[in-house]
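Chain residues, written in single-letter form:
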Amino acid sequence: MRTQNDLLTKAAQEGDVERLRTLLAVTPVVGYDCPALFLAIQYGHTECVKLLIPVSHIKTTWEEAVGVAAHYKQAECLKVLLEHKPSNSQADQALVISARNNDCGCLALLLPHTNPKANHSKALYTALNWRSFAAFEMLLPFSAPEDDPYTLKLGVYYLPSALRDKMIEQIPASSYEAINQTFLYLVELGDIQRVCALLPKADLTYSNSQALRTALEEGNLALAEVLCDGSDLRTALDVLREDGRVDPAMLQWLTDVEQARRQQDVLRHSVEGVATNSARRKL
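The rules behind each value
- Note that residues are indexed from 1 along each chain, following the sequence as it is written.
- For this predicted model, a pLDDT threshold of at least 70 governs which residues receive local features, and a threshold of 80 or more governs which side-chain atom pairs are given and counted, while totals over whole chains, interfaces and linings are taken from all residues.
- Computation of side-chain values covers all heavy atoms of the structure but excludes hydrogens and water.
- Helical segments are the DSSP runs of H or I of at least four residues, strand segments are the runs of E of at least two, and each set is numbered from the N terminus.
- Our radius of gyration looks at C-alpha atoms and nothing else; its globule reference is 2.2 Å times the residue count to the power 0.38.
- Working definition: with a 1.4 Å probe on protein chains only, accessible area under 20% of the residue-type maximum means buried, over 50% means exposed, and in between means partly exposed.
- The sign given to each residue is positive for Lys and Arg and negative for Asp and Glu; His and the chain ends receive no count.
- In the sections that follow, a salt bridge refers to a side-chain nitrogen of Lys or Arg positioned within 4 Å of a carboxyl oxygen of Asp or Glu.
- What makes two residues a contact is simply this: any of their non-hydrogen atoms within 4.5 Å.
- Angular values range over 0 to 180 degrees, each being the angle between N-to-C directions of two axes fitted as lines to C-alpha atoms, with helices fitted over their stretch in contact.
- Three classes are used: nonpolar for Ala, Val, Leu, Ile, Met, Phe, Trp, Tyr, Cys and Pro, charged for Asp, Glu, Lys and Arg, and polar for all others, with Gly counted as polar.

### A word on the overall build of the chain
Line of reasoning, step 1. Across its full length, the chain holds 18 helices and 0 strands.
Line of reasoning, step 2. For 283 residues, the compact-globule estimate of 2.2 N^0.38 gives 19 Å, and the chain exceeds it by more than 25% at 30 Å.
Line of reasoning, step 3. Each principal axis of the C-alpha atoms in the chain carries an extent, and together these give about 100 × 55 × 25 Å.
Line of reasoning, step 4. Taking all 283 residues of the chain together, 42% fall into the buried category.

The structure is reproduced here in structure tokens:
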């Protein structure tokens, strides 16, 4: 024989609003462990959810309930639950779930009630890790991709180019270490395309021009050519000579480039000096 709670559960699962209302009139308190509310959410029976919220001890079940709504992508049920949010409850985990699901509908509802930067922008990282790019794009303006080095590394490598560039543009200049460590990671991979994408944000003199030195140590001349402008050639050359592990041909190439640059600098200064003196004579 079915108990009253069994009947409530069945009505909630089937979305039988009238039957549920009748049963609740007889048994107004469902109890902490009654699955009726969660089944109503799971199957998207919004009217049943509205009936069950007042009798489901929502203060203790709310966070789990919004997690169920996010998991099953039940935006309408989530909207109702958010209207009954207890003051000390959080929905950050539901945000992470919706990010994983690439569910922009639930994300839009959750954003005003959550902190997307929580746990080093965990929701953003989750969206990226699951290749949920629509969710990533929605979360990006409210997140801090530079807070998690894995987000930067994976983002530069896996995001579609337009979204990748948007993420890079958002990274503040103050995130010096995160940017340069990610840049070195891409240099080590020898990925010229993605190195070029992050190039405007990177400091090529970082760690004694380590990016250029790494390219030469790997024998990647094409990448080294990309990294020359902005690098400290003299420092890189001194470090590589002292280290002694780089291919002599790579070392000779850098020597030639550094000498050519010094000659160009001397010539430029001479031309500027002549121009300045000429201008003074005209005055």
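### What about the side chain of Glu 146?
Line of reasoning, step 1. One can find Glu 146 in the loop between helix H10 (133-139) and helix H11 (149-158).
Line of reasoning, step 2. For the buried Glu 146, no salt bridge exists, and the shortest N-O distance to an oppositely charged side chain is 6.5 Å, to Lys 117.
Line of reasoning, step 3. If we ignore the near neighbours within four places in the chain, the residues touching Glu 146 are Leu 152, Ile 171, Pro 172, Ser 175 and Ala 178.

### Here's the deal with the packing of H11 against helix H12 (residues 161-170)
Line of reasoning, step 1. Two elements in contact, H11 and H12, have axes whose closest approach is 8 Å; the angle formed by their N-to-C orientations is 145°. For the pair H11 and H12, contact is made by Thr 151, Leu 152, Gly 155 and Val 156 and by Arg 164, Met 167 and Ile 168, respectively.
Line of reasoning, step 2. Classifying every residue of the contact of H11 with H12 by side-chain character gives 4 nonpolar, 2 polar and 1 charged.

So far we have only geometry, and geometry alone does not tell us how the molecule works.
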